[in-house]
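Now for the letters of each chain:
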Amino acid sequence: MSIRARVTGTGFFVPDNVVTNDDLAKLINTNDEWIQQRTGIRERRYVPEGMSNVDMAEHAATDAMKEAGRTASDVQALLAATLSPDYTFPSNAPFIQERLGIRNAPAIDLRNQCTGFLYGLATADVFIRSGRYERVLLVGSEIQSSGMEFADRSRDVTVIFGDAAGAFMIEKTEEPDRGILSFALRGDGRSADDLATRAERAYEMPRLSMEIFESEDIWPRMKGRKVFLEAVRELPEIINKALERAGVTLDDVDLFAFHQANLRINQWVASSMNIPDEKVWNNIERYGNTTAATIPSVIHEARQAGFVKDGSLVCAAGFGAGFTSAAVIVRW
Ligand code: ACO
């Protein structure tokens, strides 16, 4: 009997505070029409003062464990995907572990930005199929708002991102043809500097100085057009690779959960692959790009809306900083 990893609970959390495109236009030289036309985003959420990455992670993780009928003592490994940890070190996972009361389990951060949750799903899959762990909690949580520069030179980046957290409880199953069927992961470090926050840098002495602090290196910088073109080229390839490994076809898929970086990227990929609109769940218009929290947010919402039921075939895929890409095929 072969072992697989199956998702037994999902959770999603966004703060109440809605920030519209018009709100941003009061702070920087942008406008609702440009943002909607170029990205599809209408609004995003920002944490209120004092709410931490771990606070959001706790909400999402608690809901995922609850749906699975699990408590902290059942979790054998904790994976936390984020580019915005509360501390530089230690990693975010031990803080989430402590908050949830998980004991005697490895707690690991995954720093894969927009593909972080998908890399986490792949890691959980391998952990479980190896027989080492039976129950893995995977959390993706991001506070992007505190890392944005509200100035015109950063407007291409600032308008895109929002805050959120999502989580999956993932467990061993011996049911045939259920759970994570395959994954495909890829990295291309040639473009690592094209979407990056360059400070702080360990090779600077000291790594954080007033000079660096006052430079633009403390803010994210992105070659937006290059990211766009690479994303629409890479996503179909990585999706096809994962489908092939799962032994299923594009037509078999019931729901495509794409990373939400730009609605136009997703529309481009869907139309180039002849994927009908009704098989794609997008939520970028309400949340923006929430990086490691995006994939669980899309799947959680699609489940709640009845688009993912037991037996549904889900293809989750993303592209982001690194550049990295990933696709995971799951039979629900
Ligand atoms: N409001 C108004 N005007 C703007 C804004 C804004 N927020 N941002 C840029 N502009 C202007 C530019 O200054 C430029 O003006 P100019 O022609 O006078 O010089 C014009 O709009 C066009 O700028 P481009 O950067 O060429 O616009 P583009 O059509 O490429 O859209 C965008 C920019 C939306 C960022 C797009 O390139 C994109 O979505 N790229 C991919 C983003 C992405 O996928 N990121 C990856 C995820 S992030 C992660 O992994 C952490």
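Our structure is the block above this text.
Conventions and cut-offs
- Residues numbered from 1 in each chain as written.
- Predicted model: local features only at pLDDT ≥ 70, side-chain atom pairs only at ≥ 80, totals over all residues.
- Heavy atoms only, no water.
- Helix = DSSP H or I, 4+ residues; strand = E, 2+ residues; numbered from the N terminus.
- Buried < 20%, exposed > 50% of the residue type's maximum accessible area, 1.4 Å probe, protein only.
- Polar contact = N/O pair within 3.5 Å; in protein donor to acceptor, adjacent residues only side chain to side chain.
- Contact = heavy atoms within 4.5 Å.
- Pairing = 2+ DSSP bridges.
- Right-handed = clockwise from strand over helix to strand, strands pointing away.
- Axes fitted to C-alpha atoms, helices over the stretch in contact; angles between N-to-C directions.

Help me understand the side chain of S325, please; the structure alone is not making it clear to me.
Structurally, the position occupied by S325 is in strand β13 (residues 324-331). We classify S325 as buried; its relative accessible area is 1%. A distance of 2.7 Å separates the side chain of S325 from the side chain of E234, its partner in a polar contact. Ignoring sequence-local partners within four residues, the contact set of S325 consists of T115, Y119, A184, L185, R186, E234, I238, G318 and F319.

In this structure, what is going on with the pairing of strand β4 (residues 77-81)? I would like to understand it.
Two faces belong to every sheet, and in a regular strand the side chains alternate between them. Counted residue by residue, β4 has five buried out of five residues, so it is predominantly covered. Residues of β4 alternate between two faces, with A77, L79 and A81 on one and L78 and A80 on the opposite face, all of them buried. Relative to strand β6 (residues 135-142), β4 is paired through five bridges, and the arrangement is parallel. By the bridge assignment for β6, A80 is matched with V139. Two elements, β4 and strand β5 (residues 107-110), share four bridges in a ladder whose sense is parallel. For L78, the partnering residue across the bridge sits in β5 and is A107. On the question of chirality, the crossover connecting β4 to the parallel β5 by way of helix α4 (residues 92-100) is right-handed.

It is not clear to me how the sheet that holds strand β8 (residues 179-187) should be interpreted in this structure. Could you clarify?
Two strands in a sheet stick together by hydrogen bonds in their backbones, pointing the same way (parallel) or opposite ways (antiparallel). An order of β8-β13-β12-β11 is seen for the four strands of this open sheet, with the pairing classed as mixed. On the outer flanks of this sheet lie β8 and β11 (255-258), each paired with one strand and no other. Between one strand axis and the next, the sheet turns through 10° on average, direction left out of account. Contacts between helix α5 (residues 116-129) and the sheet are confined to β8, β12 (313-320) and β13, with β8 contributing the most and set at about 125° to the helix.

Can you walk me through the side chain of S182 in this structure?
Along the polypeptide, S182 turns up in strand β8. Relative accessible area serves as the criterion here: at 6%, S182 is assigned to the buried category. Here the side chain of S182 touches A242 through a polar contact of 2.6 Å, landing on its backbone oxygen. Apart from the residues within four sequence positions on either side, S182 is in contact with A242, R245, A246, A327, V328 and I329.

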